Amino acid sequence: MHVLVLGAGLSGVTTAWYLQQAGFRVSVVDRQPEAARETSFANGGQISVSHPEPWANPGAPVQILRWLGRDDAPLKFRPTRDPAQWLWGARFLLECLPWRAHRNTRAIAALATWSAQRLRALRAELGLEYEQLERGILHLFYSAGEFAEAPARARSLAGFGIEAQVCSRDQCLAIEPALAAQSGVLVGGLYAPGDESGDACRFTRALAARVAAAGAQMHWNCSIERICTGHDGSVTGVEVRTAEGGLQTLRADACVLCLGSYGPRLVATLGERLPIYPVKGYSITAPVLDPARAPSVSLTDESRRIVCSRLGDRLRIAGTAELNGFDTQVRPERIAGILEWAQRRFPGAIDIARAEHWAGLRPATPGNVPLIGRGRTPGLWLNTGHGTLGWTLACGSAAALAELMSGRRPAVAFPFLRG
Ligand SMILES: Cc1cc2nc3c(=O)[nH]c(=O)nc-3n(C[C@H](O)[C@H](O)[C@H](O)COP(=O)(O)OP(=O)(O)OC[C@H]3O[C@@H](n4cnc5c(N)ncnc54)[C@H](O)[C@@H]3O)c2cc1C
């Protein structure tokens, strides 16, 4: 059976790999000249099993109201005329209901745990190098009120089988000595020793090379214009516009949608309504000037929603969420908050003047639970909508999809589509 994987970000490349391993003949299509050029290019780098809680939680509506009008708000809503944006916003509010938020957290926790195991196994099997560090993630609290909730969060994570230890300020400093500069303001932390970090772009490109070496045809610079169906309504391939400007049809027995935020528009013509909307985020990547001052344990600032990962001799700092349509421009006022955070929290650690600025669109579902499984259209499969956790969930989602397409039920408690 020949499968066309649509998109070569984290989701598409991992999907291609696991499908090949399951015995499918695979081709990959992307409009870019190489893998991981869009959202998977410069994310926060965290394999964050210890953060399964979606943005849509019971406290979110009040929090978002408090942030209204602030340029540095961690979550910002810029209204557009796009009805899809308003519909997504309404569904987001629905997912904030306590029972829905709990259900979503449970599903994400199960998939994240399974995914981290798949990533470790894959790394061991292929010897992939992507600046990975297995030093855990330390969640930092700068207010006593937020830190007071850390024990309950640790208990909740333990309920999902995820280890997290509540740490005093001194324990945080012992785990990550580069926090010394902020010992006066840090209140405490929550440390998840099983978490990891690494460069998602390097991982995706290294794996894409393995996929190609294993015989997959890689169609670069091909923009997918439409998904083609036969007389019986099932998928027969895609029509692409090539770099030369011509139209070409690529035939297949099945297609897997991994097109990030751009997937829903493409499949809408098939009658598929996917609740995915772009949630923009920013990152900076800067050379490390003083290794002793730059953290190597991956960090999450819980009040600012900023994450930070050491990638070899660079530091990646990422954060912010903006509901702003498909706009990918880097807004200086949003980057400013991240730069200011870096300078205040880790003075002298990185070369701010040489920092690369980036923005990407998280393909987010309202509850942050990805869409994995069968589409409504025969022959269409989905592995998309991973939102804030596409790196954490990549290997598990792709391995699960390959199981589903092989007619088996994956050994993970997750609400797969039409499973
Ligand atoms: C600021 C930021 C920080 C983040 N930090 C983390 C983190 O620390 N940990 C974590 O787990 N996740 C993180 N994420 C989320 C993660 O990066 C995403 O969930 C993930 O990259 C999405 O991967 P994808 O393959 O679905 O999408 P993409 O990487 O965008 O891939 C989609 C591909 O489809 C292609 N494409 C789209 N339309 C077409 C078309 N018409 N024709 C042909 N090709 C097309 C694109 O070129 C692209 O290559 C972060 C995201 C952001 C923005």
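We now turn to the structure provided with this report. (Residues numbered from 1 in each chain as written. Predicted model: local features only at pLDDT ≥ 70, side-chain atom pairs only at ≥ 80, totals over all residues. Heavy atoms only, no water.)

### Notes on the overall build of the protein chain
Line of reasoning, step 1. A count of helical and extended segments in the protein chain gives 11 helices and 20 strands.
Line of reasoning, step 2. At 21 Å, the protein chain has a C-alpha radius of gyration in line with the 22 Å of a compact globule built from 419 residues.
Line of reasoning, step 3. Out of the 419 residues belonging to the protein chain, those deemed buried represent 58%.
Line of reasoning, step 4. Partitioning the contacts of the protein chain with sequence separation of at least 6, the portion at a separation of at least 24 is 74%.
Line of reasoning, step 5. Seen as two clouds, the 45 positive and the 37 negative side-chain charges of the protein chain have centres 5 Å apart. (Helix = DSSP H or I, 4+ residues; strand = E, 2+ residues; numbered from the N terminus. Rg over C-alpha atoms; globule rule 2.2 N^0.38 Å. Buried < 20%, exposed > 50% of the residue type's maximum accessible area, 1.4 Å probe, protein only. Contact = heavy atoms within 4.5 Å. Lys, Arg positive; Asp, Glu negative; His and termini not counted. Charge placed at Lys NZ, Arg CZ, Asp CG, Glu CD.)

### Regarding the site of the ligand
Line of reasoning, step 1. Close to the ligand lie 34 residues; Asp30, Ser40, Gln46, Ile224 and Thr392 are nearest.
Line of reasoning, step 2. Contact between the ligand and Ser40: an oxygen atom at 2.5 Å from a side-chain N or O atom of the residue.
Line of reasoning, step 3. For the ligand, whose accessible area on its own is 1,000 Å², the fraction buried by protein is 97%.
Line of reasoning, step 4. Of all the secondary structure elements, the ones that give two or more residues to the shell around the ligand are α1 (10–21), β10 (223–229), β14 (277–287), β18 (356–364) and α11 (390–405).
Line of reasoning, step 5. Among the elements that take part in the shell around the ligand, β18 stands out by supplying 4 residues, more than any other.
Line of reasoning, step 6. Across the shell around the ligand, the residue classes tally to 12 nonpolar, 18 polar and 4 charged.
Line of reasoning, step 7. The residues that make up the shell around the ligand include at least three from each of domain 1 (2–39 + 202–274 + 370–405) and domain 2 (46–199 + 276–364). (Near = heavy atom within 4 Å. Polar contact = N/O pair within 3.5 Å; in protein donor to acceptor, adjacent residues only side chain to side chain. Areas by Shrake-Rupley, 256 points an atom, 1.4 Å probe, with all protein chains shown as cover. Nonpolar A, V, L, I, M, F, W, Y, C, P; charged D, E, K, R; others polar. Domains from an automatic or database assignment.)

### Describing the sheet that holds strand β12 (residues 247–251)
Line of reasoning, step 1. What the 3 strands build is an open sheet, ordered β10-β11-β12; its pairing is antiparallel. Two strands bound the open sheet, and with one partner strand each, they are β10 and β12. Strand-to-strand twist in this sheet, taken as the mean axis angle between neighbours without regard to direction, amounts to 25°.
Line of reasoning, step 2. Relative to strand β11 (residues 235–241), β10 runs antiparallel, the two sharing 6 bridges. (Pairing = 2+ DSSP bridges. Axes fitted to C-alpha atoms, helices over the stretch in contact; angles between N-to-C directions.)

### So, the pairing of strand β13 (residues 254–257)
Sheet faces and side chains relate simply in a regular strand, where the side chains alternate between the two faces.
Line of reasoning, step 1. Of the two faces of β13, both are covered, the one formed by Ala254 and Val256 as well as the one formed by Cys255 and Leu257.
Line of reasoning, step 2. Sheet topology places strand β1 (residues 2–6) next to β13; 4 bridges connect them, and they run parallel. Residue pairing across strands places Val5 opposite Val256, the latter belonging to β13.

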